[in-house]
Amino acid sequence: MSHPLIYAANWKMQVDPGQARAFAAAFLDGFVPSPGDSYWFFPSAVSLEAAARALAGCPAVAVGAQDVHWEPQGAFTGATSVPLARGAGATLVLVGHSERRHVFGETDGDTARKVRAALGGGLDPLLCVGELLEEREAGTTEAVVLRQLDAGLDGLARDQLARVTVAYEPVWAIGTGKTATPGDAAAVHRAIRGALAGLGHPTPKVLYGGSVNLANAAQLLAEPELDGVLVGGASLDPAGWRKIVAGG
Ligand code: PGA
């Protein structure tokens with residue numbers, strides 16, 4: 001039997017509240033979770049409450065914000081705080097997604113502040129790390145990923161680390177139709193798992209993301225280094241997502 005898996009759906013800037021309710025109804029209709037598996041959804045901030053309410057019936061499901069500000073409140077127009085996300089029903093948060101880092105200019109320092117804010121305010125972070133194509137080609141994949149990991153998690157206590165999950169998402173694979181091979185992903189996952197254990201994480205879990213879809217999910221998840229997947233485009237259709245979480 002395979003180990004417990006986490007299936008995480010990142011809806012990005014898509015899925016309004018009505019669409020989130022319709023998705024949940026279609027997804028949950030007749031859905032039987034696999035024992036031990038978890039199903040995480042990251043809607044946009046405006047759809048968080050609708051998604052959290054509509055998916056509340058299934059204990060294996062959790063909902064999270066796609067990003068938070070590190071300050072709990074204040075004059076930060078457009079931003080979502082940890083308490084606001086919690087109030088809308090989130091228990092999780094993505095931190096350091098590559099689009100936050102590379103489209104919005106988020107630094108390793110910002111990511112570290114967000115991880116701490118999340119942990120302090122009661123959200124469990126899914127910290128995303130991953131290298132650019134030029135970094136992979138230059139042979140610096142591990143160095144980049146481990147730097148992002150260290151910067152995000154340095155100094156956390158063991159009980160805080162225990163609440164952190166990591167997603168390895170090579171930037172060149174996100175939304176491009178290109179995926180790392182299971183073997184390439186596994187090598188980076190091993191390095192991440194080792195670094196997490198070195199920091200004191202009692203149960204390191206590493207998800208893979210980047211163009212995961214129905215055609216490749218089962219093959220990727222057959223690699224025991226993968227504790228699950230973080231999926232954008234292929235998580236938007238409830239029927240397709242149901243097939244992916246059912247193992248292809
Ligand atoms: P993708 O996105 O599955 O559309 O490549 C993954 C992600 O950005 O988390």
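Located above this text is the structure these notes cover.
First, a word on what this report is: a plain description of the structure on this page. Since we're looking at a predicted model, the values are computed, not measured.

Parameters at a glance
- Residues numbered from 1 in each chain as written.
- Predicted model: local features only at pLDDT ≥ 70, side-chain atom pairs only at ≥ 80, totals over all residues.
- Heavy atoms only, no water.
- Helix = DSSP H or I, 4+ residues; strand = E, 2+ residues; numbered from the N terminus.
- Rg over C-alpha atoms; globule rule 2.2 N^0.38 Å.
- Buried < 20%, exposed > 50% of the residue type's maximum accessible area, 1.4 Å probe, protein only.
- Areas by Shrake-Rupley, 256 points an atom, 1.4 Å probe, with all protein chains shown as cover.
- Lys, Arg positive; Asp, Glu negative; His and termini not counted.
- Charge placed at Lys NZ, Arg CZ, Asp CG, Glu CD.
- Core = buried A, V, L, I, M, F, W, Y, C linked by side-chain atoms within 4.5 Å.
- Contact = heavy atoms within 4.5 Å.
- Pairing = 2+ DSSP bridges.
- Right-handed = clockwise from strand over helix to strand, strands pointing away.

## Thoughts on the overall build of the protein
1) Next: Looking only at helices and strands, the protein has eleven helices and eight strands in total.
2) Next: Taken against the 2.2 N^0.38 rule, which gives 18 Å for 248 residues, the C-alpha radius of gyration of the protein at 17 Å falls within 12% of a compact globule.
3) Next: The principal-axis extents of the C-alpha atoms in the protein amount to approximately 45 × 45 × 30 Å.
4) Next: In the protein, which comprises 248 residues, the proportion classed as buried is 51%.
5) Next: Working note: accessible area of the protein is about 10700 Å², and carbon and sulfur atoms make up 55% of it.
6) Next: Side-chain charges in the protein split into 19 positive and 25 negative, and the spacing between the mean points of these groups amounts to 4 Å.

## A closer look at the nonpolar core
1) Next: Grouped together as the largest cluster of nonpolar side chains are 61 residues, with contacts concentrated most on Phe41, Leu153, Ile192, Tyr208 and Trp241.
2) Next: With near-sequence residues (within four places) excluded, Ile192 lies in contact with Val129, Val145, Leu146, Leu149, Val166, Tyr168 and Val206.
3) Next: The next biggest cluster of nonpolar side chains, apart from the first, holds twelve residues, and it includes Ile6, Trp40, Leu94 and Leu126.

## Re the pairing of strand β4 (residues 92–95)
Both faces of the sheet carry side chains from a regular strand, because those side chains alternate between them.
1) Next: In β4, alternate side chains face the same way, and those of Leu92 and Leu94 on one face and Val93 and Val95 on the other are all buried.
2) Next: Both strand β3 (residues 61–65) and β4 contribute to a ladder of two bridges, which runs parallel. By the bridge assignment for β4, Gly64 is matched with Leu92.
3) Next: One crossover worth recording links β3 to the parallel β4 by way of helix α3 (residues 82–87), and it is right-handed.

## Examining the pairing of strand β8 (residues 228–231)
1) Next: Side chains Gly228 and Leu230 project from β8 onto one buried face, and the interleaved Val229 and Val231 project onto a second face that is buried too.
2) Next: When strand β1 (residues 6–10) meets β8, the two strands line up parallel, connected through four bridges. What sits directly across from Ile6, in β8, is Gly228.
3) Next: Across two bridges, the pairing between strand β7 (residues 206–209) and β8 is parallel. Bridging from a neighbouring strand, Tyr208 pairs with Val229 of β8.

Geometric descriptors of this kind do not, in isolation, establish any biological role.
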